[in-house]
Amino acid sequence: MSMLAGKTALVTGAGRGIGRGIALALAKAGAKVVVNDLGVSLSGEGTDKQPAAQVADEIVQEGGSAAANFGSVAEPDDASAMVRQVVDTWGRLDILVHVAGMCSTSTSRARSTRTGPRRSPCASRRPGGS
């Protein structure tokens, strides 16, 4: 029996890089995985369903159980929907791995103190740069 057989997982930022590796490793160990990725570019712009879908498809092709999710971790309703997807699909959530990044854009846009700084999901941002 696999170490994580019967366990369920949600991995955010799982379409590329470290998140992808974690999702694949969890699936290889027997977990059922919801692969979340908004699919933004390295500059934090746009969306693309392909990264999450490809990882979920790869898991299924290897004999695992996976589903893709394309929501934004920056949106509370999307984040709640991610958890609901795992629970609705497999009955529970055992493992949560949050890899998706958040980048502040507050320096370029003024925001009220009530709403706080504007944040957008991004895959990567170099220190001190955009």
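In what follows, the structure referred to is the one given above.
Residues numbered from 1 in each chain as written. Predicted model: local features only at pLDDT ≥ 70, side-chain atom pairs only at ≥ 80, totals over all residues. Heavy atoms only, no water.

What follows is about the sheet that holds strand 3 (residues 66-69). By way of backbone hydrogen bonds, the strands of a sheet pair with one another, either parallel or antiparallel. Pairing within the open sheet is parallel, and its four strands lie in the order 3-2-1-4. A strand with exactly one partner marks an edge of an open sheet, and here the two such strands are strand 3 and strand 4 (95-98). Averaged over all neighbouring strand pairs, the angle between strand axes comes to 15°, with direction disregarded. Pairing between strand 1 (residues 8-12) and strand 4: four bridges, direction parallel. Considered in strand 4, the bridge of Val11 is made with Val97. Contacting strand 1, strand 2 (32-36) and strand 4, helix 1 (residues 17-28) crosses the sheet at an angle of about 170° to strand 1. Contacts between helix 3 (residues 76-90) and the sheet are confined to strand 1, strand 2 and strand 3, with strand 1 contributing the most and set at about 155° to the helix. (Pairing = 2+ DSSP bridges. Helix = DSSP H or I, 4+ residues; strand = E, 2+ residues; numbered from the N terminus. Axes fitted to C-alpha atoms, helices over the stretch in contact; angles between N-to-C directions. Contact = heavy atoms within 4.5 Å.)

A rise of 1.5 Å per residue sets the reference length of helix 3, with its 15 residues, at 21 Å; its end C-alpha atoms lie 22 Å apart and thus fit the reference within 8%. What helix 3 keeps buried is the set Met82, Gln85, Val86 and Trp90. Viewed along the axis of helix 3, the buried residues span an arc of 90°, placing them on a single side of the element. Facing away from the buried side of helix 3 by more than 90 degrees, the exposed set consists of Pro76, Asp77 and Asp88. Of the surrounding elements, those touching the buried residues of helix 3 are strand 1, strand 2 and strand 3. Taken from the residues just after helix 3, Gly91 is the one with a positive phi, measuring 90°. (Expected span 1.5 Å × (residues − 1). Buried < 20%, exposed > 50% of the residue type's maximum accessible area, 1.4 Å probe, protein only. Arc of directions from axis to C-beta.)

Turning our eyes to something else, we now look at helix 1. Taking 1.5 Å per residue as the helical rise, helix 1 with its twelve residues ought to reach 16 Å, and the 17 Å between its terminal C-alpha atoms agrees with that figure. Tucked into the core, helix 1 has its buried residues touching strand 1, strand 2, helix 2 (50-61) and strand 4. Directly after helix 1, the chain includes Gly30, whose backbone phi takes a positive value near 110°.

Let us now look at the pairing of strand 2. For strand 2, a buried count of four out of five residues is recorded, marking the element as mostly surrounded by other parts of the structure. Judged from the four bridges that link them, strand 1 and strand 2 form a sheet pairing that is parallel. Within strand 2, the residue paired with Ala9 across the bridge is Val33. Handedness of the crossover joining strand 1 and strand 2 through helix 1 is recorded here as right-handed. (Right-handed = clockwise from strand over helix to strand, strands pointing away.)

Counting buried residues along strand 1, five of its five residues qualify, which places the element largely inside the surrounding structure. Of the two faces of strand 1, the one holding Thr8, Leu10 and Thr12 and the one holding Ala9 and Val11 are both buried throughout.

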